[in-house]
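# Per-entry structural report
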Amino acid sequence: MANLKEIRNRITSVSSTMQITSAMKMVSAAKLKKAQDAITAMRPYAEKLTELLQNLSATLEGDAGGEYTTQREIKKVLLVVITSNRGLAGAFNTNAIKEAKSRAIYYAGKQVDIFAIGKKGNDVLGKTLDVVANQSSVFDDLTFDNVAKIADELTQKFVSGEYDKIELIYNQFKNAATQIVQTEQFLPLAPIQSDAAVTPGDYLFEPSKEEIVLTLIPKSLKTQLYKGIRDSFASEHGARMTAMHKATDNATELRNQLKLTYNKARQAAITNEILEIVGGAEALKG
């Protein structure tokens, strides 16, 4: 009977775990809807801003990006790694962390520092690489203004010469089941190229095109970082919802197996008791 008690305890434990994972799945599903709507609504704006910047820059001669496009010998690299503050999201954080380690190996021989956005990346990468900052609190109030402050800080690190190159590493949201790890160059701005032919038009610019470009670049950088964090935020909830869905299914399957094992063991115990009674009765007759 001790064996039956152990199985009952395991069934109770698995059932409790199943309730937790099921609740976490529903919470992530609710949060995913809002996060997905936010990134879906933002992407057209970000793409149009990039297109506008490309069209203006394509009509300018020389270096139109000023200090934001300065190409220096790469000696110091800053990797901005966007992860989450919580786990239980499958391979979501692991994939971004692996990509960061891979980029650090790629820049072997150069100074590579980590700018962490998210506790998970900060905790893991801090063991092997130099984490110079952690901005995990941005997820407590994820607004454009709060992200813009981080973008300004990163921009200042490049403009001042503290770093020669800055890259973003994050999970791009595709759907609830699929997140794609992206590595984007943040600064210096890559040479703006457009496959489409630029058709001169009769436009009046106020102020000049050069001033407009230099005004759009900081805005574009802030938008790029905000989009990356928003993508990662939606990816986190999608990954967690999927992970908790699989965990719930596995717990259900395990619980059913345990119930079957329990019923078999109980049936065997009852059969043994009946055999003992019958055996005792036969012995008394003899």
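The sections below set out a description of the structure shown in this document. Everything numeric here is computed off the predicted structure, so don't read it as measured data. (Residues numbered from 1 in each chain as written. Predicted model: local features only at pLDDT ≥ 70, side-chain atom pairs only at ≥ 80, totals over all residues. Heavy atoms only, no water.)

All right, on to the overall build of the protein chain then. Secondary structure summary: the protein chain contains five helices and five strands in total. Listed N to C, the secondary structure of the protein chain is α-β-α-β-α-β-α-β-β-α in terms of helices and strands. The C-alpha atoms of the protein chain give a radius of gyration of 29 Å, which is well past the 19 Å a tight globule of 286 residues would have. Expressed as lengths along the three principal axes of its C-alpha atoms, the size of the protein chain is roughly 115 × 45 × 35 Å. Going through the 286 residues of the protein chain one by one, you find that 38% of them count as buried. A separation of at least 24 residues holds for 78% of the contacts in the protein chain among residues at least 6 apart in sequence. Counting only carbon and sulfur atoms, one obtains 52% of the accessible surface of the protein chain, whose full area is about 16200 Å². The average position of the 36 basic charges and that of the 33 acidic charges among the side chains of the protein chain differ by 11 Å. (Helix = DSSP H or I, 4+ residues; strand = E, 2+ residues; numbered from the N terminus. Rg over C-alpha atoms; globule rule 2.2 N^0.38 Å. Buried < 20%, exposed > 50% of the residue type's maximum accessible area, 1.4 Å probe, protein only. Contact = heavy atoms within 4.5 Å. Areas by Shrake-Rupley, 256 points an atom, 1.4 Å probe, with all protein chains shown as cover. Lys, Arg positive; Asp, Glu negative; His and termini not counted. Charge placed at Lys NZ, Arg CZ, Asp CG, Glu CD.)

The subject of this paragraph is the side chain of S136. Locating S136 in the fold gives a position in the loop between β3 (130-134) and α4 (144-159). Setting aside residues no more than four positions away along its own chain, S136 makes contact with N85, G118 and K119.

Tallying each qualifying case throughout the model produces three aromatic pairs. If you follow R72 out to its NZ or CZ, it ends over the ring of F158, 4.5 Å from the centre. Above the plane of the ring of Y106 lies R103, whose end atom (NZ or CZ) is 4.6 Å from the centre. (Phe/Tyr/Trp six-rings, centres within 6.5 Å; stacked < 30°, edge-to-face > 60°. Lys NZ or Arg CZ within 6 Å of the ring centre and 35° of its normal.)

Turning our attention to the pattern of salt bridges. In the structure shown here, the tally under the stated rule is nine salt bridges. A salt bridge links D164 to R72, with the nearest nitrogen and oxygen atoms 3.2 Å apart. Here the residue D164 occupies a position in the loop between α4 and β4 (165-175), and R72 occupies one in the loop between α1 (2-58) and β1 (76-82), the gap between them amounting to 92 residues. Residue D164 is classed as buried on the basis of its relative accessible area of 7%. The partner of D231 in a salt bridge is K227, and the shortest N-O contact between them spans 3.9 Å. Within this pair, D231 and its partner K227 are both found in helix α5 (residues 209-285), separated by four residues, close to a single helical turn. (Salt bridge = Lys/Arg side-chain N within 4 Å of Asp/Glu carboxyl O.)

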